[in-house]
Amino acid sequence: MLSSRIQILADKAAVVERSLDLVTKRIHSAIAEKEYCTISLAGGSTPKPLYEALAQQPIPCEALHVFWGDERYVPSDHPDSNQKMVRQAWLDKISIPAKNIHPVPTEADDPQQAVALYEQELQAFFEVEAGEFPRFDIMLLGMGDDGHTASLFPHTPALEVSDRLVTIGEKGGQTRISLTAPLINRSQCIIFMVSGAGKAPALAQVLQNSQADTADYPARLIQAEGELWWFVDEAAAAQITP
């Protein structure tokens with residue numbers, strides 16, 4: 001196993017409930033320690049109920065700084081935009097200062113410019129120099145049926161990027177912007193939310209096959225320096241052996 005902190009839960013609702021509990025605790029502990037919390041968000045259908053639930057939590061929004069782990073290279077009002085989904089589910093429902101929201105700049109002229117701009121924003125906010133990797137307090141991730149996470153897809157150049165904070169991901173000809181594996185791994189607390197039977201074959205390879213190639217299953221690249229939690233439902237865990 002990559003981590004002893006693997007919890008198999010009854011269903012997606014239970015995954016969301018467990019994630020909500022840990023996320024809120026880590027937000028409050030970070031704020032208590034240093035007066036603010038940084039969180040990087042995942043897209044997809046699994047975390048959306050989490051964001052809706054977070055909108056109902058008594059979180060000091062002025063101390064929260066929100067980033068994204070990956071984004072499709074589409075305008076922020078596009079139906080496929082992760083930013084749009086999170087805003088509708090959570091951020092538009094709370095009193096978070098606009099300056100505390102740090103979306104991927106997909107309105108840039110081209111994806112490479114977007115990569116450079118987001119990297120510059122991360123370096124400026126976290127006050128790190130080129131070549132240094134900042135540390136997020138919380139990193140939310142999902143995993144696809146193919147074993148990808150963020151926009152790190154199997155057998156793509158993004159998997160090899162080790163000296164940058166941000167890179168370009170590709171899926172089916174669609175351009176995406178993604179945080180890199182080394183940056184993700186620096187996070188204080190990484191939480192994978194995985195649900196659905198379609199994830200079962202890849203999840204078993206990621207969690208139990210030490211010989212599985214990271215090029216085949218990019219989620220295996222995530223080897224956290226801090227906490228690493230996997231909250232998975234029974235359907236996704238169907239091929240995991242005790």
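Details of the structure are given in the entry above.
It should be emphasised that the depicted structure is a prediction, and the values quoted were computed from it without experimental measurement.

Turning to the nonpolar core, a few remarks are in order. In summary, soluble globular proteins display a tendency toward joint burial of nonpolar side chains. Residues Y51, W90, L122, L140, I191 and W230 are the most contacted members of the largest nonpolar core, which totals 80 residues. The element that contributes the greatest number of residues to this core is helix α1 (residues 12-34), accounting for 9 residues. Ignoring anything within four residues of it in the chain, the contact list for W90 reads L41, Y51, L54, A55 and L64.

Among the 5 residues that make up strand β2 (residues 37-41), 5 are buried, leaving the element largely enclosed by the rest of the structure. Going residue by residue along β2, you find C37, I39 and L41 tucked away on one face and T38 and S40 tucked away on the opposite face as well. In this fold, the crossover linking β2 to strand β3 (residues 64-68) by way of helix α2 (residues 48-54) has right-handed handedness.

Moving on to helix α4 (residues 111-126). For an α-helix, 3.6 residues make a turn, and residues three or four places apart therefore share a direction. If you check α4, its first and last C-alpha atoms are 22 Å apart, about what 16 residues at 1.5 Å a residue would give, namely 22 Å. Among all positions of α4, only A114, V115, Y118, E119, L122, Q123 and F126 are buried. Looking down the long axis of α4, one finds its buried residues gathered within 165° of arc, a one-sided arrangement. Where the residues of α4 are buried, they touch β2, β3, β6 (166-171), β7 (174-179) and α5 (181-185). Phi turns positive, to about 55°, at E127, one or two residues after α4.

What follows concerns the packing of aromatic side chains. Applying the stated criterion across every chain, the model contains 9 aromatic pairs. When the ring of F125 is compared with that of F126, the centres are 5.0 Å apart and the planes differ by 80°; the resulting orientation is edge-to-face. We classify F125 as partly exposed; its relative accessible area is 24%. When its relative accessible area of 16% is taken as the criterion, F126 is described as buried. Through a chain of ring-to-ring contacts, three or more aromatic side chains come together here, namely Y36, F67, F125, F126 and F136. The ring of W229 has R18 lying over it, and the distance from NZ or CZ to the ring centre is 5.4 Å.

Another aspect to go through is the environment of F153. Tracing the backbone through its elements, the reader meets F153 in the loop between β5 (138-141) and β6. Looking at F153, the relative accessible area reads 3%, which means it is buried. Expressed as a C-alpha distance, the spacing of F153 and R135, which sit 18 residues apart in the sequence, is 23 Å. Not counting residues up to four positions away in its chain, the partners in contact with F153 are D146, H148, L159, E170, K171, R176 and P218.

Rules used throughout
- Residues numbered from 1 in each chain as written.
- Predicted model: local features only at pLDDT ≥ 70, side-chain atom pairs only at ≥ 80, totals over all residues.
- Heavy atoms only, no water.
- Core = buried A, V, L, I, M, F, W, Y, C linked by side-chain atoms within 4.5 Å.
- Buried < 20%, exposed > 50% of the residue type's maximum accessible area, 1.4 Å probe, protein only.
- Helix = DSSP H or I, 4+ residues; strand = E, 2+ residues; numbered from the N terminus.
- Contact = heavy atoms within 4.5 Å.
- Right-handed = clockwise from strand over helix to strand, strands pointing away.
- Expected span 1.5 Å × (residues − 1).
- Arc of directions from axis to C-beta.
- Phe/Tyr/Trp six-rings, centres within 6.5 Å; stacked < 30°, edge-to-face > 60°.
- Lys NZ or Arg CZ within 6 Å of the ring centre and 35° of its normal.

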